[in-house]
Protein chains: 2
Amino acid sequence: MLESTRVTVSTREQLLRSAARLFREQGFHGTSVAEIASAAGITKSSLYHHFASKQALLGEILEDTVSRATPAVEAIAAADLPAAERLREAARCHVVELIHDQDKVACFVEEGRYLAPELREVFVAKRDRYEQSFRRILADGVRSGELRPVSVGLASLAVLGMCNSVVHWYQSSGPLSVETVAEEFADLAVKSLLREQPSGGAEPGGRSLVGSSASGTVPA
Amino acid sequence: MLESTRVTVSTREQLLRSAARLFREQGFHGTSVAEIASAAGITKSSLYHHFASKQALLGEILEDTVSRATPAVEAIAAADLPAAERLREAARCHVVELIHDQDKVACFVEEGRYLAPELREVFVAKRDRYEQSFRRILADGVRSGELRPVSVGLASLAVLGMCNSVVHWYQSSGPLSVETVAEEFADLAVKSLLREQPSGGAEPGGRSLVGSSASGTVPA
DNA sequence: AGTAGCCGACCGAACGGTCGGACGGTTTTC
DNA sequence: GAAAACCGTCCGACCGTTCGGTCGGCTACT
């Protein structure tokens, strides 16, 4: 078996990470190839030994993201659980994954549209397939009566839009843990679509995350 | 009274509109000043007669947006109504305004971060003030018990993130009317935060917007 | 000897921005 | 009332810089 897990990441992966971070901070067009190379500790010429073009760099970032995230939500969507629970789990998974690799996912959400036409077709198809899992869950829930009879297309765009917005303001150095945000957002998604509240009253002492207005102090 | 309403918009406004459209489509850094000028029917040199820099162009687009949208939601936030109704109205207003001037608002949401540091401070402050209206409504609702005891900061980011995502996929040429989207999204926002469903059962025949999966076929 | 990785030097094109002046319509001056 | 001064608007030509990308060659490991 050639090469087990390394301590130092490969130059190639380092380039991808630097590119993702810079694309996220400055945008695809606002970032120069020389900057990316410099952030990875090499020169622009050397970068072109690893990647054919700036476009290829972006393409691979998106590919990484989608190939890691899609299987997880597809498994959740196919699970033998009530739609509401699948929705909660999918939204939670989505947010966790998004924060875990925030730079790359931010590129997926924000910079994917700058892909050259040929690569963009592939990208859009894969993104659609990802979103399909959410539509499937919602459609199941509406059909079974578990969820309110909303427009499935509209509602899944709403849920994904809500969850995706996390990339804009979340900072791991802040006071909020990944799990806190993920569960709260999943909860909002489920409750916005549930047909009826589970019970009239209790959820007795529930850890409630009350107050604290200025939690997510937004940068940029 | 010098000059009543014109039939042809001023060159200046034409430049702002062209810039907003191109910034939205290609990003701030992906759009050249010459492109903007050309789209407005003049040359790059002439553009610099109306605006001091590319940055100033972006700054004015954001200023236009915030100065039009803020008073509306602040009035709603200050109205003498239950928090849930104010939330519904604010979200509805937000989405309507967003679609009405989609190009400029998209710049506000996506390209604002590319403002030069000095202008960006002002921009962030005004955006915060806008968001403050939503936090105020949510805080009122939580305090009065009308809404669930969620984190106000987190929930308002969620609501705004959900609503803002509309700029990414809505197209006025599509099958969905502005009002349909606005009301549906406002409904999702309210229901995700309401403490209890208004009644156990009915909402009898309610126009339900059912089905139709592939409603918002996403471009880009 | 081969090759993976890296680099300095370079290329043409495009960038944001400047400059001096042309054009036409008003206002001022004699 | 004609001439002169003015002004908003526009343009072509140009500036220095930076861009994405290429190329030939150097090094080090196998």
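Above this note sits the structure.
Since we're looking at a predicted model, the values are computed, not measured.

### Re the overall build of chain A
Here's step 1: Broken down by element type, chain A carries 10 helices and 0 strands.
Here's step 2: Along its sequence from the N terminus, chain A presents helices and strands in the succession α-α-α-α-α-α-α-α-α-α.
Here's step 3: When burial is assessed residue by residue, chain A has 47% of its 220 residues classed as buried.
Here's step 4: Long-range pairs, those at least 24 residues apart, make up 69% of the contacts in chain A with a sequence separation of at least 6.

### Quick look at the packing of aromatic side chains
Here's step 1: Under the definition given, this model contains 10 aromatic pairs over all chains.
Here's step 2: Ring geometry for Trp 169 of chain B versus Phe 185 of chain B: centroids 6.1 Å apart, planes at 40°, classification tilted. Taken as a pair, Trp 169 of chain B in helix H9 (residues 166–169) and Phe 185 of chain B in helix H10 (residues 178–193) lie far apart in primary sequence, 16 residues in all.
Here's step 3: A relative accessible area of 0% places Phe 185 of chain B in the buried class.
Here's step 4: Among the aromatic side chains, those forming a connected cluster through ring pairs are Trp 169, Tyr 170 and Phe 185 of chain A.
Here's step 5: Positioned above the aromatic ring of Phe 28 of chain B is the side chain of Lys 54 of chain B, whose terminal nitrogen or guanidinium carbon lies 4.5 Å from the ring centre.

### Some details on the packing of helix H5 (residues 83–100) of chain B against helix H7 (residues 117–144) of chain B
All names here are of chain B.
Here's step 1: Where H5 meets H7, the axes come as close as 8 Å, and the angle between the chain directions of the two elements is 155°. Taken as axis vectors, H5 and H7 run roughly antiparallel relative to one another. With respect to the hand of their crossing, H5 and H7 are arranged in left-handed fashion. Counting all contacts with H5, which are made through Ala 83, Arg 86, Leu 87, Ala 90, Ala 91 and His 94, the residues of H7 involved are Tyr 130, Phe 134, Ile 137, Leu 138, Asp 140 and Gly 141.

### What about the pattern of salt bridges?
Here's step 1: Inspection of the entire model under this criterion finds 36 salt bridges over all chains.
Here's step 2: In this structure, Arg 21 of chain A and Glu 25 of chain A form a salt bridge, with 3.9 Å as the shortest nitrogen-oxygen distance. One end of the pair is Arg 21 of chain A and the other is Glu 25 of chain A, both in helix H1 (residues 11–26) and 4 residues apart, which spans about a single turn.
Here's step 3: You can call Arg 21 of chain A partly exposed: its relative accessible area is 33%.
Here's step 4: Glu 25 of chain A gets classed as partly exposed once you look at its relative accessible area, which sits at 46%.
Here's step 5: Lys 104 of chain B is the salt-bridge partner of Glu 13 of chain B, the closest N and O atoms lying 3.2 Å from each other. One end of the pair, Glu 13 of chain B, is in helix H1 (residues 11–26); the other, Lys 104 of chain B, is in helix H6 (residues 102–111), and 91 residues separate them in sequence.
Here's step 6: On the accessibility criterion, Glu 13 of chain B (21% relative accessible area) is partly exposed.

### Overview of the protein's contact with DNA strand D
Here's step 1: For DNA strand D, the set of nearby residues contains 15 residues, the closest of which are Lys 44 and Lys 54 of chain A together with Ser 45, Ser 46 and His 50 of chain B.
Here's step 2: Take the atoms of DNA strand D that sit within 4 Å of the protein: sugar and phosphate atoms are 51% of them.
Here's step 3: One nitrogen or oxygen atom from the main chain of Thr 43 of chain B is found 2.8 Å from a phosphate oxygen belonging to DNA strand D.
Here's step 4: Interatomic distance of 2.9 Å between a side-chain N/O atom of Ser 46 of chain B and a phosphate oxygen of DNA strand D.
Here's step 5: Secondary structure elements with two or more residues in the surface near DNA strand D: helix H3 (44–50) of chain A together with helix H3 (44–50) of chain B.
Here's step 6: Along the lines of polarity and charge, the residues of the surface near DNA strand D split into 3 nonpolar, 10 polar and 2 charged.

### Considering the protein's contact with DNA strand C
Here's step 1: In the region of DNA strand C, 15 residues are neighbours, and Ser 45, Ser 46 and His 50 of chain A together with Lys 44 and Tyr 48 of chain B sit closest.
Here's step 2: Each atom of DNA strand C within 4 Å of the protein belongs either to a base or to sugar and phosphate, the latter forming 53%.
Here's step 3: In this structure, a phosphate oxygen belonging to DNA strand C sits 3.4 Å away from a side-chain N or O atom of His 49 of chain A.
Here's step 4: For the surface near DNA strand C, the secondary structure elements donating two or more residues are H3 of chain A together with H3 of chain B.
Here's step 5: A per-element tally of the surface near DNA strand C places H3 of chain A first, with 4 residues.
Here's step 6: Grouping the amino acids of the surface near DNA strand C by side-chain chemistry returns 3 nonpolar, 10 polar and 2 charged.

What counts and what doesn't
Residues numbered from 1 in each chain as written. Chains lettered and ligands numbered in written order. Predicted model: local features only at pLDDT ≥ 70, side-chain atom pairs only at ≥ 80, totals over all residues. Heavy atoms only, no water. Helix = DSSP H or I, 4+ residues; strand = E, 2+ residues; numbered from the N terminus. Buried < 20%, exposed > 50% of the residue type's maximum accessible area, 1.4 Å probe, protein only. Contact = heavy atoms within 4.5 Å. Phe/Tyr/Trp six-rings, centres within 6.5 Å; stacked < 30°, edge-to-face > 60°. Lys NZ or Arg CZ within 6 Å of the ring centre and 35° of its normal. Axes fitted to C-alpha atoms, helices over the stretch in contact; angles between N-to-C directions. Parallel < 35°, antiparallel > 145°, perpendicular 65-115°, else oblique. Left-handed = near helix turned anticlockwise from the far one by under 90°. Salt bridge = Lys/Arg side-chain N within 4 Å of Asp/Glu carboxyl O. Near = heavy atom within 4 Å. Polar contact = N/O pair within 3.5 Å; in protein donor to acceptor, adjacent residues only side chain to side chain. Nonpolar A, V, L, I, M, F, W, Y, C, P; charged D, E, K, R; others polar.

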